[in-house]
Amino acid sequence: MSFQPVRSRAVLLAVDDVDTDQIIPARYLKVTTKDGLGDALFADWRADGKPAAALAGQRGAEVLLAGRNFGCGSSREHAPWALRGFGFRAVVASSFADIFQNNALKNGLLPVAIDEGSLRALHAARERSPELEIVIDLDTQTLSGAGVSTTFPIDPFAKRCLCDGIDELGYLLAHMKEIEAHEARR
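To keep things clear, this report deals only with the structure shown in the data block. (Residues numbered from 1 in each chain as written. Predicted model: local features only at pLDDT ≥ 70, side-chain atom pairs only at ≥ 80, totals over all residues. Heavy atoms only, no water.)

1. Topic: the overall build of the protein
If you tally the helices and strands in the protein, you get eight helices and seven strands. Expected size for 186 residues packed as a compact globule is a radius of gyration near 16 Å; at 17 Å, the protein falls within 12% of this value. Dimensions of the protein along its principal axes, counting C-alpha atoms only, are 65 × 40 × 25 Å. Put simply, the protein has 186 residues, and 43% of those count as buried. In the protein, the share of contacts with a sequence separation of at least 24, taken over all contacts with a separation of at least 6, comes to 67%. For the protein, the accessible area works out to roughly 9,400 Å², and carbon and sulfur atoms hold 50% of it. Distance between charge centres in the protein, computed from 21 positive and 25 negative side chains, equals 2 Å. (Helix = DSSP H or I, 4+ residues; strand = E, 2+ residues; numbered from the N terminus. Rg over C-alpha atoms; globule rule 2.2 N^0.38 Å. Buried < 20%, exposed > 50% of the residue type's maximum accessible area, 1.4 Å probe, protein only. Contact = heavy atoms within 4.5 Å. Areas by Shrake-Rupley, 256 points an atom, 1.4 Å probe, with all protein chains shown as cover. Lys, Arg positive; Asp, Glu negative; His and termini not counted. Charge placed at Lys NZ, Arg CZ, Asp CG, Glu CD.)

2. Comments concerning the pattern of salt bridges
Oppositely charged side chains can form a pair if their charged atoms are brought close together. Summed over the entire model, instances satisfying the criterion amount to 11 salt bridges. The closest approach of N and O atoms between E62 and R89, which form a salt bridge, is 3.6 Å. One end of the pair, E62, is in the loop between α2 (43–48) and β2 (63–65); the other, R89, is in the loop between α3 (78–86) and β3 (90–93), with 27 residues separating them in the sequence. The exposure class assigned to R89 is buried, which follows from its relative accessible area of 16%. When salt bridges that share partners are traced, they join D16, R68, E116 and R120 into one network. (Salt bridge = Lys/Arg side-chain N within 4 Å of Asp/Glu carboxyl O.)

3. Here's the deal with the sheet that holds β2
Taken together, the seven strands give an open sheet; going across it, the order is β4-β3-β2-β1-β5-β6-β7, and neighbouring strands pair in mixed fashion. Edge positions in the sheet fall to β4 (110–113) and β7 (148–151), since each has one partner strand and no second. Shown here is a sheet whose adjacent strand axes are inclined to one another by a mean of 25°, direction ignored. By the bridge criterion, four bridges tie strand β1 (residues 6–12) to strand β5 (residues 133–137) in an arrangement that is antiparallel. Residue pairing for β5: R7 is matched across the bridge by V135. Docked against the sheet, helix α5 (residues 116–128) engages β1, β2, β3, β5, β6 (142–145) and β7, running at close to 80° with respect to β1. (Pairing = 2+ DSSP bridges. Axes fitted to C-alpha atoms, helices over the stretch in contact; angles between N-to-C directions.)

4. Some remarks on α5
Along its 13 residues, α5 runs 18 Å from first to last C-alpha, staying within 8% of the 18 Å computed at 1.5 Å per residue. Among the residues of α5, those classed as buried are S118, L119, L122, H123, A125 and R126. Mapping the buried residues of α5 onto a view down its axis gives an arc of 165°, with all of them on the same face. The exposed residues of α5 that point more than 90 degrees off its buried face are R120, E127 and R128. Each element contacted by the buried residues of α5 is listed here: β1, β2, β3, β5, β6 and β7. (Expected span 1.5 Å × (residues − 1). Arc of directions from axis to C-beta.)

5. Considerations on the environment of K30
Examined against the element boundaries, K30 turns out to sit in the loop between α1 (20–23) and α2. Given the relative accessible area of 74%, K30 is considered exposed. Sequence separation between K30 and H78 is 48 residues; the distance between their C-alpha atoms is 9.8 Å.

6. Focus on the pairing of β7
Here β7 shows one buried face, formed by V148 and T150, and one open face, formed by S149 and T151. Sheet topology note: the β6/β7 ladder contains four bridges and is antiparallel. Within β7, the residue paired with S144 across the bridge is S149. Turn length for the β6-β7 hairpin, with the two strands adjacent in sequence and antiparallel, is two residues, and the turn residue A146 shows positive phi of about 55°.

7. Details of the packing of aromatic side chains
Tallied over the entire structure, the rule returns six aromatic pairs. Pairing F70 with F100 gives two aromatic rings, centres 5.3 Å apart and planes at 80°, and the pair type is edge-to-face. Remark: F100 occurs in helix α4 (residues 98–106) and F70 occurs in the loop between β2 and α3; sequence separation between them is 30 residues. Look at F100 and you get buried, because its relative accessible area is 1%. Here the aromatic rings of F157 and Y171 are separated by 5.0 Å at their centres, their planes lie at 85°, and the arrangement is edge-to-face. Pair noted here: F157 is in helix α6 (residues 156–164) and Y171 is in helix α7 (residues 168–174), with a separation of 14 residues, a long-range link. Residue F157 is classed as partly exposed on the basis of its relative accessible area of 34%. Taken together, the aromatic side chains of F70, F96 and F100 make up a single cluster linked through ring pairs. (Phe/Tyr/Trp six-rings, centres within 6.5 Å; stacked < 30°, edge-to-face > 60°.)

And the structure:
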């Protein structure tokens, strides 16, 4: 399914350096499907009342407002699976760990990196108004909400895959006739 613009309430998780073990604890990595991982999102934090307790009652929100260096730590494809399973379509932060960003893009989760000033303004606006709505348009690479309007970068190939609703294999399969013609000429 192609990535459509997001217009949603935002969940505030104003924490820097959130690592993949915090997003989805290691004991949940034994599964090979995505089913049910949303229920385990930030499981350890929710259990002991740390910042992710903010997720309580937030099902339906499609935007997570995070801090800087989101998704650091080990490579864990289960992390974007859990975020998507909870219902998030985008994570907004000032920076992302490279491997998390790549895993997110390959799994239909949009990592939106914006400048620190805009992020702080969104955090403050969300603290004042729990119903803060954020609009993210992948086509124009823009984010707006609470008086903030900014752009964000994205790899052109990843953007195309998200907009077309395909992954890398889907992209290759869409070009199968050209691939077969090329191979026949060899």
